[in-house]
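Results of the structural survey
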4 protein chains.
Amino acid sequence: MPKLGMEPIRRDALVAATIHEIGTKGSLDVTVGQIARRAGVSPALAHHYFGTKEAIFLSAMRHIMSIYAGEVRAALAGAETPRARVEAIVRASFAPSNFRREVIASWLMFYLSAQTVPEAARLLAVYKGRLASNLRHSLRPLLGPHATEAAEGIAAMIDGLYIRQGLAPGAQDAGNAANLVLDYIGRLVEARP
Amino acid sequence: MPKLGMEPIRRDALVAATIHEIGTKGSLDVTVGQIARRAGVSPALAHHYFGTKEAIFLSAMRHIMSIYAGEVRAALAGAETPRARVEAIVRASFAPSNFRREVIASWLMFYLSAQTVPEAARLLAVYKGRLASNLRHSLRPLLGPHATEAAEGIAAMIDGLYIRQGLAPGAQDAGNAANLVLDYIGRLVEARP
Amino acid sequence: MPKLGMEPIRRDALVAATIHEIGTKGSLDVTVGQIARRAGVSPALAHHYFGTKEAIFLSAMRHIMSIYAGEVRAALAGAETPRARVEAIVRASFAPSNFRREVIASWLMFYLSAQTVPEAARLLAVYKGRLASNLRHSLRPLLGPHATEAAEGIAAMIDGLYIRQGLAPGAQDAGNAANLVLDYIGRLVEARP
Amino acid sequence: MPKLGMEPIRRDALVAATIHEIGTKGSLDVTVGQIARRAGVSPALAHHYFGTKEAIFLSAMRHIMSIYAGEVRAALAGAETPRARVEAIVRASFAPSNFRREVIASWLMFYLSAQTVPEAARLLAVYKGRLASNLRHSLRPLLGPHATEAAEGIAAMIDGLYIRQGLAPGAQDAGNAANLVLDYIGRLVEARP
DNA sequence: AATGAATGAGGATTCATTCAT
DNA sequence: GATGAATGAATCCTCATTCAT
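Residues numbered from 1 in each chain as written. Chains lettered and ligands numbered in written order. Predicted model: local features only at pLDDT ≥ 70, side-chain atom pairs only at ≥ 80, totals over all residues. Heavy atoms only, no water.

Some remarks on the interface of chain A and chain B
We apply this condition: Residue contacts follow a heavy-atom distance rule, with two residues in contact if any of their heavy atoms lie within 4.5 Å. A 1.4 Å probe defines the accessible area here, and the buried area is the portion of it lost by two parts on being joined, summed over both. By definition here, a salt bridge exists when the distance from a side-chain nitrogen of Lys or Arg to a carboxyl oxygen of Asp or Glu is within 4 Å. Here a polar contact is recorded for every N or O atom pair within 3.5 Å, except that within protein the pair must consist of a potential hydrogen donor and a potential acceptor, and residues adjacent in sequence are included only if both atoms are side-chain atoms. Each helix is a run of DSSP H or I of at least 4 residues and each strand a run of E of at least 2, with the numbering of both proceeding from the N terminus. Residues are grouped as follows: Ala, Val, Leu, Ile, Met, Phe, Trp, Tyr, Cys and Pro are nonpolar; Asp, Glu, Lys and Arg are charged; all remaining types, including Gly, are polar.
In this assembly, 36 residues from chain A lie in contact with 36 residues from chain B. A buried area of about 3200 Å², summed over both sides, lies between chain A and chain B, and 57% of it is on carbon and sulfur atoms. At the boundary of chain A and chain B, one finds 2 salt bridges. In this structure, A:Arg164 and B:Asp159 form a salt bridge, with 2.9 Å as the shortest nitrogen-oxygen distance. Counting across the chain A and chain B interface gives 6 residue pairs in polar contact (both at pLDDT 80 or more). The element that contributes the greatest number of residues to the side of chain A that touches chain B is helix α8 (residues 147-167) of chain A, accounting for 13 residues. Class assignment of the residues belonging to the side of chain A that touches chain B gives a composition of 16 nonpolar, 8 polar and 12 charged.

Below is the structure:
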């Protein structure tokens with residue numbers, strides 16, 4: 001009987017290597033060879049398990065998204081009021097597992113590849129739809145008809161902080177970033193005289 | 001007037017072609033051949049004038065930045081109060097000459113290339129520094145010590161709206177985007193009870 | 001009876017799969033993986049039993065030739081006159097077990113591989129020699145010194161009908177093909193005024 | 001001004017190199033690199049002028065067919081009677097420019113590639129249609145309703161002699177081959193008692 | 001000023017084959 | 001007996017870049 005069960009191990013290693021390489025390079029110009037080398041395997045094996053480079057990238061994208069989704073789910077679990085829910089979503093976005101430079105860089109790369117790769121576009125649309133819907137749903141009780149545009153503003157600010165984190169030189173402070181959004185939410189929600 | 005040489009004409013055409021191609025493709029995967037073809041010249045000529053592909057990209061980046069800078073300068077010219085200045089900067093960011101899909105896509109590509117190309121990083125840093133300084137300077141009289149973080153929030157939201165415009169399917173409304181930022185500024189500036 | 005080992009079963013399955021795949025693709029561009037998959041085994045097993053891809057092909061070639069040889073032998077068994085012998089050989093060439101598209105395609109592929117693979121060339125030479133000698137031998141009593149060239153003409157026509165059957169789109173009629181050759185033989189044999 | 005007019009020269013050289021390499025190898029397993037090397041250029045240039053390997057092959061196929069067509073046209077020019085026309089077609093098929101080993105090997109390779117490449121199939125169908133129609137047309141006055149099947153027999157014999165010339169070891173005699181077909185035609189045409 | 005000609009370097013992908021279990 | 005794991009070698013193709021004219 002042959003050696004067994006390597007597939008999930010290799011797949012995970014290759015996905016991790018992909019994220020690492022994209023994060024390091026800060027660009028999508030990553031070769032299968034580089035990914036494979038970092039994962040400690042041959043380029044041929046990468047193709048053996050994934051078929052194409054695009055499939056590797058998509059797997060990495062799904063991995064990142066599932067981490068994010070888990071973070072959001074966990075954060076929402078303990079949130080009872082609408083406002084707490086909004087804040088939970090924001091905090092999840094800046095959780096350490098998400099807000100690492102390499103993860104964010106990958107995020108942005110997938111944003112980019114969605115321009116070209118239909119499946120990437122689909123995945124991204126799902127994520128964006130879910131985020132917007134989550135935000136709107138929680139904001140509605142607080143802001144009524146203004147919930148939609150508030151959700152847009154919040155999502156935009158999050159994306160902006162992401163791009164600055166992912167592409168700017170020098171790591172930034174996740175807490176600080178989260179606070180900026182939370183402050184914005186405070187201003188949106190709290191009645192003005 | 002002396003008869004103009006072809007050089008500036010060709011350079012401009014190539015820069016315009018670069019922006020167009022990046023905007024169309026939505027990615028940095030643009031070849032010198034594509035750029036040259038769109039500009040109606042041979043790839044060899046592109047190299048003749050620019051030396052390298054990177055130099056073509058940098059020229060395009062400078063072009064976009066100078067348009068943006070002009071727009072900001074013009075907007076600031078008519079602004080008398082601090083708040084008007086802040087709003088002018090924002091409006092300039094969403095002026096039609098900037099907030100076109102292809103221009104924004106190029107913007108983001110340059111953001112990306114700053115990861116790899118030192119000169120691009122330098123240019124981007126200059127721009128960001130100027131934007132932040134402009135915002136801070138105008139916000140200071142209104143927000144005092146909170147000006148810095150307010151400037152960060154505003155800049156982040158602008159970037160976020162840009163990325164959504166540049167990479168999302170379906171053109172968006174510049175006016176709507178500007179209003180989101182202006183509303184945010186309003187909430188920042190207006191005193192809360 | 002001893003329990004049969006798996007070896008002959010696997011070998012047969014792989015040979016059959018090889019012929020099937022070549023016939024389906026209509027080309028020699030068949031991978032060991034495809035052959036193994038059709039045979040329901042792993043590519044590694046194919047190598048285990050045959051050593052190399054070339055050996056698999058040669059086995060398939062031998063298989064086809066032995067079927068052909070059996071068909072000829074059977075046909076000759078009932079033939080008593082020289083002319084009946086010639087016709088038996090022709091009929092065997094167009095017997096259903098030979099004149100199937102996939103078998104003929106394989107035939108031609110082996111013709112091809114004889115260009116490169118010495119052992120294939122040897123096998124093919126044996127077959128051609130036997131066919132020619134069979135034909136000549138039977139034609140001699142009828143045509144005397146012209147037997148050799150008549151045998152050449154007949155063999156060529158058979159090959160030509162094969163290539164048209166094996167490589168032309170749309171299955172053809174074996175009976176019709178056989179009749180063409182038989183008619184030719186009639187014209188060769190029957191005295192002209 | 002650049003060096004000019006190389007394109008047709010290179011294209012011709014590459015087509016010739018393709019035929020040569022296929023003829024030498026006796027198989028379609030010819031790489032672009034080999035073709036380019038024989039043509040004295042880089043593989044990249046071959047792609048520059050032809051785009052794909054398939055396109056190179058198709059060009060070579062068209063080249064061979066046009067030579068053949070020219071040969072037939074020339075032979076038919078001097079033929080006045082139906083029988084002379086039939087014989088002219090046959091002689092053209094065995095003219096020295098066609099019946100060279102490398103040309104015939106290429107012929108057969110294209111026969112093969114027609115299995116896979118639609119455009120090759122189309123070209124081959126055109127050739128076969130023209131040949132059959134030429135033969136039928138000339139045979140009709142001589143054989144009436146039997147013309148069709150006679151044409152089939154003749155075409156098959158020609159193909160058979162081709163495959164033997166193209167794939168058999170040791171060059172054969174074109175004159176001998178032609179005579180076999182001419183003799184066959186004689187037997188088809190001349191009345192039997 | 002401009003370009004056709006040409007290529008070296010590199011990258012995705014395929015595949016026969018080997019090996020440890 | 002059988003196979004999953006793994007890879008080296010090869011192939012097509014792309015592209016920035018150079019050069020002679």
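Right, picking up where we left off after that structure.
Description of the relation of the copies chain A and chain B
The condition that has to hold: When the copies are superposed, the least-squares fit draws on C-alpha atoms of residues that have pLDDT of at least 70 in both.
Each copy superposes on the other: chain A lies on chain B with an RMSD of 0.1 Å after a rotation of 179 degrees and an axial shift of 0.0 Å. Overall, the copies show the geometry of a two-fold rotation axis.

What about the side chain of C:Asp159?
As a reminder, the rule being used: Here's how the labels work: a residue is buried when its accessible area is under 20% of the maximum for its type, exposed when over 50%, partly exposed in between, all with a 1.4 Å probe on protein chains only.
With respect to the helices and strands, the residue C:Asp159 is situated in helix α8 (residues 147-167). Relative accessible area serves as the criterion here: at 5%, C:Asp159 is assigned to the buried category. Other than its neighbours up to four places away in sequence, C:Asp159 contacts C:Tyr111, C:Tyr127, D:Gly160, D:Ile163 and D:Arg164.

Observations concerning the environment of D:Ala168
Take D:Ala168: it is sitting in the loop between α8 (147-167) and α9 (174-189). Taking relative accessible area as the criterion, D:Ala168 reaches 5% and is therefore assigned buried. Discounting chain neighbours no more than four positions away, the residues touching D:Ala168 are C:Gln115, C:Lys128, D:Arg101 and D:Ile163.

A short note on the interface of chain C and chain D
Listed as interface residues are 35 residues of chain C and, on the opposing side, 36 residues of chain D. Between chain C and chain D lies a buried interface of about 3200 Å² when both sides are counted; carbon and sulfur atoms form 57% of it. On inspection of chain C and its partner chain D, the count reaches 2 salt bridges. Taken together, the links from chain C to chain D amount to 5 residue pairs in polar contact (both at pLDDT 80 or more). Elements supplying a minimum of two residues to the side of chain C that touches chain D: α6 (101-113), α8 and α9 (174-189) of chain C. Ranked by the residues each element gives to the side of chain C that touches chain D, the list is headed by α8(C), at 13 residues.

Topic: the packing of aromatic side chains
Defined as follows: Pairing of aromatic rings covers Phe, Tyr and Trp, the last counted by its six-membered ring, and requires centre-to-centre distances within 6.5 Å; plane angles under 30 degrees mean stacked, over 60 mean edge-to-face, and any other angle means tilted. Note on criteria: charge over ring means Lys NZ or Arg CZ within 6 Å of the ring centre, with the direction from the centre no more than 35 degrees off the ring normal.
With the rule as written, the count across this model stands at 26 aromatic pairs over all chains. Between D:Tyr68 and D:Trp107, the aromatic rings sit 6.2 Å apart at their centres with planes inclined by 90 degrees, giving edge-to-face as the arrangement. Here D:Tyr68 is found in helix α4 (residues 53-77), whereas its partner D:Trp107 is found in helix α6 (residues 101-113), with 39 residues between them in sequence. No difference in accessibility class separates D:Tyr68 from D:Trp107, as the two residues are buried. Members of the aromatic cluster, connected to one another through ring pairs, are A:Tyr68, A:Trp107 and A:Tyr127. Seen from the ring of C:Phe50, C:Arg11 lies directly overhead, with NZ or CZ sitting 4.4 Å from the centre.

Notes on the pattern of salt bridges
Inspection of every chain in the model, using the stated rule, returns 40 salt bridges over all chains. Among the salt bridges present, the one from B:Glu102 reaches B:Arg100, with a minimum N-O distance of 2.7 Å. When salt bridges with common partners are traced through the structure, they connect A:Arg83, A:Glu87, A:Arg91 and A:Glu190 into a single cluster.

Focus on the environment of C:Val41
All names here are of chain C. Relative to the elements of secondary structure, Val41 occurs in the loop between α2 (32-39) and α3 (43-50). Among the residues examined, Val41 registers a relative accessible area of 13% and is labelled buried. Distance in space between the C-alpha atoms of Val41 and Leu139 is 48 Å, their sequence separation being 98 residues. Contacts of Val41, omitting those with residues within four sequence positions, involve Arg10, Leu14 and Ala36.

Here we look at helix α3 (residues 43-50) of chain B
Residue and element names in this part refer to chain B. Selection criterion: It is the directions from the helix axis to the C-beta atoms whose arc is reported.
Three or more residues of α3 are buried, namely Ala46, Tyr49 and Phe50. Buried positions in α3, seen along its axis, are confined to an arc of 80 degrees and lie on one side of it. Opposite its buried face, α3 presents the exposed residues Ala44 and His48, each directed more than 90 degrees away. Residues of α3 that are buried in the fold lie against α1 (6-25), α2 (32-39) and α4 (53-77).

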